[in-house]
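Overview (structure and organization)
Residue strings, one per chain:
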Amino acid sequence: MRIIEKFPIDIFVRMSGKRFEDYRKNIRFFKIEDWEIPYLDKLKLIELKSNSLRDQDRLDVIKLKEL
């Protein structure tokens, strides 16, 4: 699903055959006001995006490794 407001956000419910819950130990939270937004840690994002065929994911991997 893609949400576009001021910037695009891609939301995946399944990736590489796994669900977000399968990565419980890799979940981090970003707090905005009263909201806690879950996301995957850098190492797991690199692992998942490394297997992608999308050019944007390949660029993301390069940038994530630079962090």
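Here the structure is shown first, and the text comes after it.
Being a predicted model, the structure only gives us computed values, none of them experimental.

Side note on the overall build of the protein chain
Scanning the protein chain from terminus to terminus reveals two helices and four strands. Each helix (α) and strand (β) of the protein chain, taken in turn from the N terminus, gives the series β-β-β-β-α-α. Projected onto the principal axes, the alpha-carbon positions of the protein chain cover approximately 35 × 30 × 25 Å. Across the 67 residues in the protein chain, those meeting the buried criterion constitute 19%. Counting contacts in the protein chain only where the partners sit at least 6 residues apart, residues at least 24 apart contribute 11% of the total. Summed over its atoms, the accessible surface of the protein chain is roughly 6,100 Å², and 58% of this surface lies on carbon and sulfur atoms. Treating the 16 positive side-chain charges of the protein chain as one cloud and the 13 negative ones as another, the clouds have centres 5 Å apart.

A short note on helix 2 (residues 55–66)
Between its first and last C-alpha, helix 2 extends 17 Å over 12 residues, near the 16 Å set by a 1.5 Å rise per residue. Within helix 2, the full set of buried residues consists of Asp57, Val61 and Leu64. Mapping the buried residues of helix 2 onto a view down its axis gives an arc of 70°, with all of them on the same face. Turned more than 90 degrees from where helix 2 packs its buried face, Asp55, Lys63 and Glu66 sit exposed. In this structure, the buried side of helix 2 is in contact with helix 1 (42–50).

Examining a nonpolar patch on the surface
A surface patch of nonpolar side chains, amounting to about 550 Å² of accessible area, comprises Phe30, Ile32, Trp35, Ile37 and Tyr39. Among the elements that take part in the nonpolar patch, strand 4 (residues 35–40) stands out by supplying three residues, more than any other.

What about helix 1?
Every buried residue of helix 1 is listed here: Lys44, Ile46, Leu48 and Lys49. Packing partners of the buried residues in helix 1 comprise strand 4 and helix 2.

A word on unusual backbone geometry
Positive phi, normally seen in glycine, also occurs at Glu33, with a value near 55°. Relative to the helices and strands, Glu33 resides in the loop between strand 3 (27–32) and strand 4. On the accessibility criterion, Glu33 (71% relative accessible area) is exposed.

Digging into the pairing of strand 4
Here six bridges tie strand 3 to strand 4, and the two strands are oriented antiparallel to one another. Looking at the pairing, Lys31 lines up with Glu36 of strand 4. Taken together, strand 3 and the strand that follows it, strand 4, pair antiparallel across an intervening segment of two residues, in which Glu33 is found at a positive phi of about 55°.

Analysis parameters
- Residues numbered from 1 in each chain as written.
- Predicted model: local features only at pLDDT ≥ 70, side-chain atom pairs only at ≥ 80, totals over all residues.
- Heavy atoms only, no water.
- Helix = DSSP H or I, 4+ residues; strand = E, 2+ residues; numbered from the N terminus.
- Buried < 20%, exposed > 50% of the residue type's maximum accessible area, 1.4 Å probe, protein only.
- Contact = heavy atoms within 4.5 Å.
- Areas by Shrake-Rupley, 256 points an atom, 1.4 Å probe, with all protein chains shown as cover.
- Lys, Arg positive; Asp, Glu negative; His and termini not counted.
- Charge placed at Lys NZ, Arg CZ, Asp CG, Glu CD.
- Expected span 1.5 Å × (residues − 1).
- Arc of directions from axis to C-beta.
- Patch = residues over 30% accessible without salt bridge, like charges linked within 9 Å, V, L, I, M, F, W, Y side chains within 5 Å.
- Salt bridge = Lys/Arg side-chain N within 4 Å of Asp/Glu carboxyl O.
- Pairing = 2+ DSSP bridges.

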